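# Structural description and commentary
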Amino acid sequence: MNITITGTGSYIPETAVPNSDFLSHAFVDANGMAIAAPNTEIISKFEAITGIKERRYANVEQKASDLGYLAAENAIADANINKESIDYIIYAHNFGDLAPGKPQGDVLPSLASRVKHLLQIQNPNCVAFDLIFGCPGWLEAMIQAKALIASGMANTCLLIGGETLSRVVDTYDRDSMIFADGAGATILQKDGGNGSILAHATQTYANDEAYFLYFDSSYESSAKNEQQYIKMHGRKVYEFACIKVPKAMKACLDKSDVAIDEVKKIFIHQANEKMDEAIIKRFYKQYNMPVPDGIMPMNIQQLGNSSVATIPTLLDMVRKGQLENHALQEGDVILFASVGAGMNINAMLYKV
């Protein structure tokens, strides 16, 4: 049985926010103390490390479910399927639907149900549910959908990863510059073509690592209120990812009959350019190999880190020839990998 990606879609918000927009921000540290360095220096160092030059923010009237719906429409059209044939809709996110300036996310009904409603799918046997798994959520949705199809419970699944992180960033926190909005969607089908999932691996580290990413109040004491924001211990996240993700990628690849030099592209969560480069370098080091040229497509420079949306958006762009110097051909073997809150890690090997 082949379990195949038959369609992809994405929605990239129209509003581009360049790094220069942060020049007027009043950045403080975790203790609420003003950061002495000028913003020009803060932004310059940020760009050098993360690679981010700009990011995209959703329009005020758009919520995460809206972005997911638009990405899903594109994926359904790309797969050329009847939307009524979809057996499962799984929406991976972290914060639900967020309205600008509102302190609480909305997940009732689920975002997957909202997307089904917006798509006007009438079939009651199309089951819709959400998946909360941090940044690796879309990839984990793919893995879970593969299990549903392999078990005979489904033939066609719609997997969505979407976020509006601009609604949960503390403007006093330098890390606020990392995060972005967007959505990506994928259609996964039984015997939909020659493509096939070859192997996968998932891990959760929840001892000391559980709260490397968390939800908390603003760093600025005068701004402390009921509003909560995404927070992270950046150095710990970086070190964790660089050590653990290459091992998970190797565990995934070693489950297959594929040799390392057969991997054509690696689609890694667009979290931080330097971190992703370090992960890939350590992955190949495990096989005593240098990193091949052009192995890692990236769009973080223009789109920022949109959490669960990064990989499906990147995949859609590459499949459709929208990323310079990157393309996929039938028969190519590609590797997906992600890391995020939990701390969760996953990887999946796929033959196009």
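Above this text you will find the structure in question.
Since this is a predicted model, take the numbers as computed values, not measurements.

The rules we used
Residues numbered from 1 in each chain as written. Predicted model: local features only at pLDDT ≥ 70, side-chain atom pairs only at ≥ 80, totals over all residues. Heavy atoms only, no water. Axes fitted to C-alpha atoms, helices over the stretch in contact; angles between N-to-C directions. Helix = DSSP H or I, 4+ residues; strand = E, 2+ residues; numbered from the N terminus. Parallel < 35°, antiparallel > 145°, perpendicular 65-115°, else oblique. Left-handed = near helix turned anticlockwise from the far one by under 90°. Contact = heavy atoms within 4.5 Å. Nonpolar A, V, L, I, M, F, W, Y, C, P; charged D, E, K, R; others polar. Core = buried A, V, L, I, M, F, W, Y, C linked by side-chain atoms within 4.5 Å. Buried < 20%, exposed > 50% of the residue type's maximum accessible area, 1.4 Å probe, protein only. Pairing = 2+ DSSP bridges. Phe/Tyr/Trp six-rings, centres within 6.5 Å; stacked < 30°, edge-to-face > 60°. Lys NZ or Arg CZ within 6 Å of the ring centre and 35° of its normal.

Next up on the list: the packing of helix H5 (residues 234-254) against helix H6 (residues 273-285). The N-to-C vectors of H5 and H6 enclose an angle of 40 degrees; their axes lie 9 Å apart at closest approach. In terms of their interaxial angle, H5 and H6 are classed as oblique. In terms of crossing hand, the pair formed by H5 and H6 is right-handed. In this structure, H5 uses Val-237, Tyr-238, Ala-241, Cys-242, Ile-243, Val-245, Pro-246, Met-249, Lys-250 and Leu-253 to contact H6, whose residues at the interface are Lys-274, Met-275, Ala-278, Ile-279, Ile-280, Arg-282 and Phe-283. Tallied by class, the residues present in the contact of H5 with H6 amount to 14 nonpolar, no polar and 3 charged.

Before going further, it helps to examine the nonpolar core. Residues Met-249, Ile-266 and Leu-349 are the most contacted members of the largest nonpolar core, which totals 55 residues. Mapped onto this core, the elements with two or more residues apiece are helix H1 (39-50), strand E8 (196-204), strand E10 (229-232), H5, strand E11 (263-268), H6, strand E12 (333-340) and strand E13 (344-351). Per-element accounting of this core gives the leading share, 9 residues, to H5. Excluding residues within four positions of it along the chain, Leu-349 makes contact with Ser-196, Ile-197, Leu-198, Ala-199, Cys-252, Leu-253, Ser-256, Val-258, Val-263, Val-333, Ile-334 and Leu-335. In this structure, Ile-3, Ala-145, Leu-328 and Tyr-350 belong to the second largest nonpolar core, which totals 34 residues.

This brings us to the side chain of Glu-273. Of note, Glu-273 is situated in helix H6. If sequence neighbours within four positions are ignored, Glu-273 has contacts with Ile-49, Thr-50, Gly-51, Met-298, Ile-300 and Gln-301.

All right, on to the sheet that holds E8 then. Read across the open sheet, the 4 strands follow the order E8-E13-E12-E11; overall the sheet is mixed. Lying at the two open borders of the sheet, with one neighbouring strand each, are E8 and E11. Sheet twist, expressed as the mean angle between neighbouring strand axes with direction ignored, is 15 degrees. Where E12 and E13 come together, 8 bridges link them in antiparallel fashion. Bridged to Ala-337 within E13 is Ala-347. Taken strand by strand, H5 contacts E8, E11, E12 and E13, and its axis lies near 35 degrees from that of E13. Contacts from helix H8 (residues 310-319) reach E11 and E12, with the element oriented near 140 degrees to E11.

Before going further, it helps to examine the environment of Lys-236. Among the structural elements, Lys-236 can be located in helix H5. The class for Lys-236 is partly exposed, based on a relative accessible area of 45%. Counting along the chain gives 24 residues from Lys-236 to Phe-212, while the straight-line C-alpha distance between them is 6.7 Å.

Before going further, it helps to spend a moment on H8. Buried residues dominate H8, accounting for 9 of its 10 residues. Restricting attention to buried positions, one finds in H8 the residues Thr-310, Ile-311, Pro-312, Thr-313, Leu-314, Leu-315, Asp-316, Met-317 and Val-318. For H8, the elements touching its buried residues are strand E1 (3-11), helix H4 (137-150), strand E7 (181-190), E11, helix H7 (300-303) and E12. The positive-phi residue at the C-terminal boundary of H8 is Gly-321, with phi of around 70 degrees.

Here we come to the packing of aromatic side chains. Within this structure, the stated rule accounts for 8 aromatic pairs. On the basis of an interplanar angle of 70 degrees and a centroid distance of 5.8 Å, the ring pair of Trp-138 and Phe-336 is categorised as edge-to-face. One end of the pair, Trp-138, is in helix H4; the other, Phe-336, is in strand E12, with 198 residues separating them in the sequence. Here Trp-138 falls in the buried class, since its relative accessible area comes to 1%. Judged by its relative accessible area of 0%, Phe-336 is buried. Where Phe-283 meets Tyr-287, the ring centres are 5.6 Å apart and the plane angle is 75 degrees; that geometry is what we call edge-to-face. Three or more aromatic residues joined by ring pairs form one cluster here, namely Trp-138, Phe-267 and Phe-336. Here the basic side chain of Lys-231 rests over the ring of Tyr-219, its NZ or CZ set 3.3 Å away from the ring centre. Here the basic side chain of Arg-235 rests over the ring of Tyr-238, its NZ or CZ set 5.2 Å away from the ring centre.

Now for the sheet that holds E7. Spatial ordering of the open sheet is given by E1-E7-E6-E4-E5, a layout of 5 strands whose pairing is mixed. At either margin of the open sheet sits one strand with a lone partner, and together these are E1 and strand E5 (127-132). Between one strand and the next, the sheet's axes are offset by a mean angle of 20 degrees, whatever the strand orientation. Where strand E6 (residues 156-164) and E7 come together, 9 bridges link them in antiparallel fashion. In the sheet register, Cys-157 faces E7, and the bridge partner there is Leu-188. Across the face of the sheet, helix H2 (residues 64-79) comes into contact with E1, strand E4 (88-93), E6 and E7 while running at roughly 130 degrees to E1. Sheet contacts for H8: E1 and E7; angle to E1, the most-contacted strand, approximately 100 degrees.

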